[in-house]
Amino acid sequence: MSRIAVVIDDLFEDIEYSRPAKAFKQAGHELTHVGLEQGKTVTGKKQNTEVTIDVPASEASPDDFDALLIPGGYSPDKLRAHEAPVTFVHDFVESDKPVFVICHGAQLLITARVADGRAMTGWTSIVQDIKNAGAIYHDASVVVDDNLVSSRHPGDLDDFIEASLAKLD
């Protein structure tokens, strides 16, 4: 069983959180929600899915987790304005443990300066940002580059979940 950190804040893309979360739990993995404030309830942007933050990013360490999930929506953009989640994401990617990023989640990788030289994908509106950060962009349902698994949008969730679960075996 793996312990997966989920970096999340308000206005996350509900399905990009709920579908992978369900699949991870069904496979026996444990989720810990990492955000700005412990005990705060954050809400999805479309279905108002509620998630309670278990650990503030300022106290989270990659050493405590086996993998990282970054759902999209507006959550990554909100989080990248704060040093603690950016540092946590940077350190996690550098740890070589699995990192699962979908849609706008790549924004956190860009701000954490860990996208350079990495093959990845993301939402259409941030393709140029991904390229400007030095990443090698691929327009594909899922891109796996060593410890990094990325997808473009909710339509890619089946491939994203399959590739992510494979990294946890």
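The present account deals with the structure reproduced in this document. Residue indices follow the written sequence of each chain, beginning from 1 at its first position. Thresholds applied to this predicted model are a pLDDT of at least 70 for local features of residues and 80 or more for the giving and counting of side-chain atom pairs; totals over whole chains, interfaces and linings are not thresholded and use all residues. Only heavy atoms go into the side-chain values, all of them from the structure, while hydrogens and water stay out.

**Things to note about helix H3 (residues 83-94)**
Argument step 1. Numbering of helices and strands starts at the N terminus; helices are DSSP runs of H or I of at least 4 residues and strands are runs of E of at least 2. In this analysis, the expected span of each helix is defined as 1.5 Å times one less than the number of residues it contains. Here H3 spans 16 Å end to end across twelve residues, near enough to the 16 Å set by a 1.5 Å rise per residue.
Argument step 2. Between buried and exposed lies partly exposed: a residue is buried under 20% and exposed over 50% of the maximum accessible area for its type, with that area taken using a 1.4 Å probe on protein chains only. Among all positions of H3, only Pro85, Val86, Phe88, Val89, Phe92 and Val93 are buried. Buried residues of H3, viewed axially, fall in a sector of 160 degrees; they line one side.
Argument step 3. When checking whether two residues touch, look at their non-hydrogen atoms; a contact exists if any pair is within 4.5 Å. As for H3, its buried residues are in contact with strand S1 (3-7), strand S2 (30-35), strand S6 (67-70), helix H2 (75-79), strand S7 (99-102) and helix H4 (106-111).
Argument step 4. With its phi angle positive at about 70 degrees, Asp96 sits one or two positions after the end of H3. What the arc covers is the set of directions going from the helix axis to the C-beta atoms.

**Focus on the packing of helix H1 (residues 14-26) against helix H6 (residues 157-168)**
Argument step 1. At their nearest, the axes of H1 and H6 sit 10 Å apart, and the two run at 40 degrees to each other. Classed by the angle they form, the pair H1 and H6 counts as oblique. As H1 packs across H6, the resulting crossing turns out to be right-handed. In this structure, H1 contributes Ile15, Glu16, Arg19, Pro20, Ala23 and Phe24 to the contact, and H6 contributes Leu157, Asp158, Phe160, Ile161, Ser164, Leu165 and Leu168.
Argument step 2. All amino acids are sorted into three groups, where Ala, Val, Leu, Ile, Met, Phe, Trp, Tyr, Cys and Pro are nonpolar, Asp, Glu, Lys and Arg are charged, and the leftover types, Gly among them, are polar. The residue inventory of the contact of H1 with H6, partitioned by class, reads nine nonpolar, one polar and three charged. Structural elements are reduced to axes, namely lines fitted to C-alpha atoms, with helices fitted over the stretch in contact, and the angle between N-to-C directions of any two is expressed from 0 to 180 degrees. Angles below 35 degrees are treated as roughly parallel, those above 145 as roughly antiparallel, those between 65 and 115 as roughly perpendicular, and all remaining angles as oblique. For any helix crossing, the convention is left-handed if the near helix is rotated counterclockwise from the far helix by under a right angle, and right-handed if that rotation is clockwise.

**Some remarks on the packing of aromatic side chains**
Argument step 1. Each Phe, Tyr or Trp ring, with Trp reduced to its six-membered ring, pairs with another whose centre is within 6.5 Å; inter-plane angles below 30 degrees give stacked pairs, above 60 give edge-to-face pairs, and intermediate values give tilted ones. Using the criterion set out here, one finds four aromatic pairs in the structure.
Argument step 2. Note on Phe65 and Phe88: the rings are 6.1 Å apart at their centroids and 80 degrees apart in plane angle, and the pair reads as edge-to-face. Taken together, the residues span a long stretch of sequence, with Phe65 in the loop between strand S5 (55-56) and S6 and Phe88 in helix H3 at a distance of 23 residues.
Argument step 3. Ring geometry for Phe88 and Phe92: centres 5.7 Å apart, planes at 65 degrees, overall edge-to-face.

**Here's the deal with the side chain of Ser164**
Argument step 1. Checked against the element boundaries, Ser164 lands in helix H6.
Argument step 2. Look past the residues within four positions of Ser164 in its chain and what remains in contact with it is Phe24, Phe100 and Val149.

**Digging into the sheet that holds S6**
Argument step 1. Two strands pair if DSSP finds at least two bridges between them. Pairing in this open sheet of seven strands is mixed, and the strands run S5-S2-S1-S6-S7-S11-S10 from one edge to the other. Edge positions in the open sheet fall to S5 and strand S10 (143-145), since each of these has one partner strand only.
Argument step 2. Bridge count between S2 and S5: two bridges; the pairing is parallel. Paired with Gly35 across the bridge in S5 is Pro56.
Argument step 3. Along the sheet, H3 makes contact with S1, S2, S6 and S7, crossing S6 at roughly 135 degrees.

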